[in-house]
Structures are given as C-alpha cells and as structure tokens.
Amino acid sequence: ETGVTQTPRHLVMGMTNKKSLKCEQHLGHNAMYWYKQSAKKPLELMFVYNFKEQTENNSVPSRFSPECPNSSHLFLHLHTLQPEDSALYLCASSQGGRGREQFFGPGTRLTVL
Amino acid sequence: AQKITQTQPGMFVQEKEAVTLDCTYDTSDQSYGLFWYKQPSSGEMIFLIYQGSYDEQNATEGRYSLNFQKARKSANLVISASQLGDSAMYFCAMSLSVDKFYFGSGTKLNVKP
C-alpha cells in the first residue's frame, strides 16, 4: 500500500451505533489530520496530530473522538451521531510545516440514519 | 472569519482553452503557504501546486500555474490547454502552520468538448 488509505470507504450507521474510521499513511509523515466535508461547505478541519500529539481540536463535538496510537495510524471513533454528521470524512498527512502539502486519503462516506 | 474566498461556485471552459480560478486569502501573518487541490467526483483530494509567501516567482507545475499577487492577497490558479479530465472541484488552501490549514469553498470546473 502506498499513500494514505482509509477504511471503510462507505459507512451507514444508526444514531445509537458506535463505529470507528481508520486512516493509515505510508509516507513517513509526522502530522495527520481529520477533515469533514459536507455538501456546499468548505472543508472543516476537525483534528490535528503532530508527532502523535493532538495540537488542534476545532470545537468538535465530543461524539467524535480521535485516537493516534502512532504517527502512521489515525482513528476517528464515532458514537451517538446525528443525521447532520453525514458527510465525507477525509484523512490527510503531511511532513509538517506551513510549506508542506497535505496528502489525502480517498475518504469515508458516512451516512447517519 | 473566512480566510480563503473562492467567488466562483462554477466555471465552464472549452477544451484546449485556458481558465483562471480565483482565490483570495486573508491573513496578517508574513509567512504562509498557498495550495491548490483538485477533487474529482471520486472524492480524493489531489495536490496540484504550492506557493510560499516569500517566493518571488509564480509557481508552475506542468499545465498549472499560480498567479500570486501578494499585495492583493490573491492566488489564482491558471490551467492551460484544458482537458476533459480537468473537470472537477478545485480548492484553494492556506497554511499558517502545521495545524492551521484553511480551505476555500471550492470552484466546480466543467470542461466542454
């Protein structure tokens, strides 16, 4: 595997379910990111991990819980979600620093019923 | 406050012609990075081009060039010789640090045969 991978690619869940999204990067990067992309809205940065330490949490509701066990893996744990949480969730990684582009995974299309 | 503004929700261009996608940004930082990404209907974000705030020359990558006008705080993307495969959403982004990354709302480009 190369680049950034995300599983699952599609997820349908009820509001009472608990599920997790997984992201893995094979690029040797130090920073990993979770974004939410809803229809007709700019990408929203949710969480940032730099060297496994969370450095940014943009007022994300507690029903989203990130986990970064090492610099190659990033999880987003989901519980008691709302229908408005339905969106494309994108994971990205970068070498860090303002001049470094982010490499994105293919995303997980989440539908909350 | 909106940090990245893309004022063109949708654009049409004839195949083989050039097209300019507009982007303006807002920051008081002196050091920042500007990026353009392409998102096809498959969902994956593809990095296209980068411009550093201290770079004096406009960035170019193949058919992509970034028209950087620092005083006007604009970073327009120019695609030369458009191809049908260029039809996608295009996002302008700005990075202030490893954990400060902002995206615009995107421009949907349609290339007509």
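Scroll up for the structure.
What you see is a predicted model, and the numbers here were worked out from it, not measured in a lab. (Residues numbered from 1 in each chain as written. Chains lettered and ligands numbered in written order. Predicted model: local features only at pLDDT ≥ 70, side-chain atom pairs only at ≥ 80, totals over all residues. Heavy atoms only, no water.)

K.L.:
Whenever I open this one, the packing of aromatic side chains confuses me. Can you help?
P.N.:
The relative placement of two aromatic rings is captured by the distance of their centres and the angle of their planes. Tallied over the full model, the rule gives 14 aromatic pairs over all chains. Taken together, the ring pairs connect A:Y33, A:Y35, A:F104, B:F35, B:Y37, B:F47, B:Y50, B:F101 and B:F103 into an aromatic cluster. The residue whose ring lies beneath B:K3 is B:Y102, and the NZ or CZ to ring-centre distance is 5.5 Å. One Lys or Arg, B:R63, reaches over the ring of B:Y64 and ends 5.7 Å from the middle of that ring. (Phe/Tyr/Trp six-rings, centres within 6.5 Å; stacked < 30°, edge-to-face > 60°. Lys NZ or Arg CZ within 6 Å of the ring centre and 35° of its normal.)

K.L.:
Is there a simple way to explain the state of the cysteines in this structure?
P.N.:
A covalent bond between the sulfur atoms of two cysteines is referred to as a disulfide. All chains considered together, the criterion is met by two disulfides over all chains. The disulfide partner of A:C23 is A:C91, and the S-S distance across this bridge is 1.9 Å. Linking A:C23 and A:C91, the disulfide has an S-S dihedral of approximately -75 degrees and is accordingly described as left-handed. Pair noted here: A:C23 is in strand β3 (residues 18–25) and A:C91 is in strand β9 (residues 87–94), with a separation of 68 residues, a long-range link. Assigned by exposure class, A:C23 and A:C91 land together as buried. The disulfide partner of B:C23 is B:C92, and the S-S distance across this bridge is 2.0 Å. On the sign convention where negative is left-handed, the bridge of B:C23 and B:C92, at about -65 degrees about the S-S bond, is left-handed. Taken together, the residues B:C23 in the loop between β3 (19–21) and β4 (24–25) and B:C92 in strand β10 (residues 88–97) connect sequence positions 69 residues apart. This pair shows no difference in class: B:C23 is buried, exactly as B:C92 is. Unpaired in this structure, A:C68 has its nearest cysteine sulfur neighbour in A:C91, at a distance of 9.1 Å. (Disulfide = S-S within 2.5 Å. Helix = DSSP H or I, 4+ residues; strand = E, 2+ residues; numbered from the N terminus. Buried < 20%, exposed > 50% of the residue type's maximum accessible area, 1.4 Å probe, protein only.)

K.L.:
Before we go on, may I ask you to explain the interface of chain A and chain B in this structure?
P.N.:
Many analyses report the size of an interface as the accessible area lost when the parts associate. Across the boundary between the two partners, chain A contributes 24 residues, which contact 23 residues of chain B. Both faces considered, chain A and chain B share a buried interface measuring about 1,800 Å² in area, 56% of it formed by carbon and sulfur atoms. Summed over the shared surface of chain A and chain B, the number is two residue pairs in polar contact (both at pLDDT 80 or more). Secondary structure elements with two or more residues in the side of chain A that touches chain B: β4 (31–37), β5 (44–50), β6 (53–57) and β9 of chain A. If you tally residues by element for the side of chain A that touches chain B, the top one is β4(A), at four residues. Class assignment of the residues belonging to the side of chain A that touches chain B gives a composition of eleven nonpolar, eight polar and five charged. (Contact = heavy atoms within 4.5 Å. Buried area = accessible area lost by both parts, 1.4 Å probe. Polar contact = N/O pair within 3.5 Å; in protein donor to acceptor, adjacent residues only side chain to side chain. Nonpolar A, V, L, I, M, F, W, Y, C, P; charged D, E, K, R; others polar.)

By themselves, these figures tell us nothing about what the structure is for.
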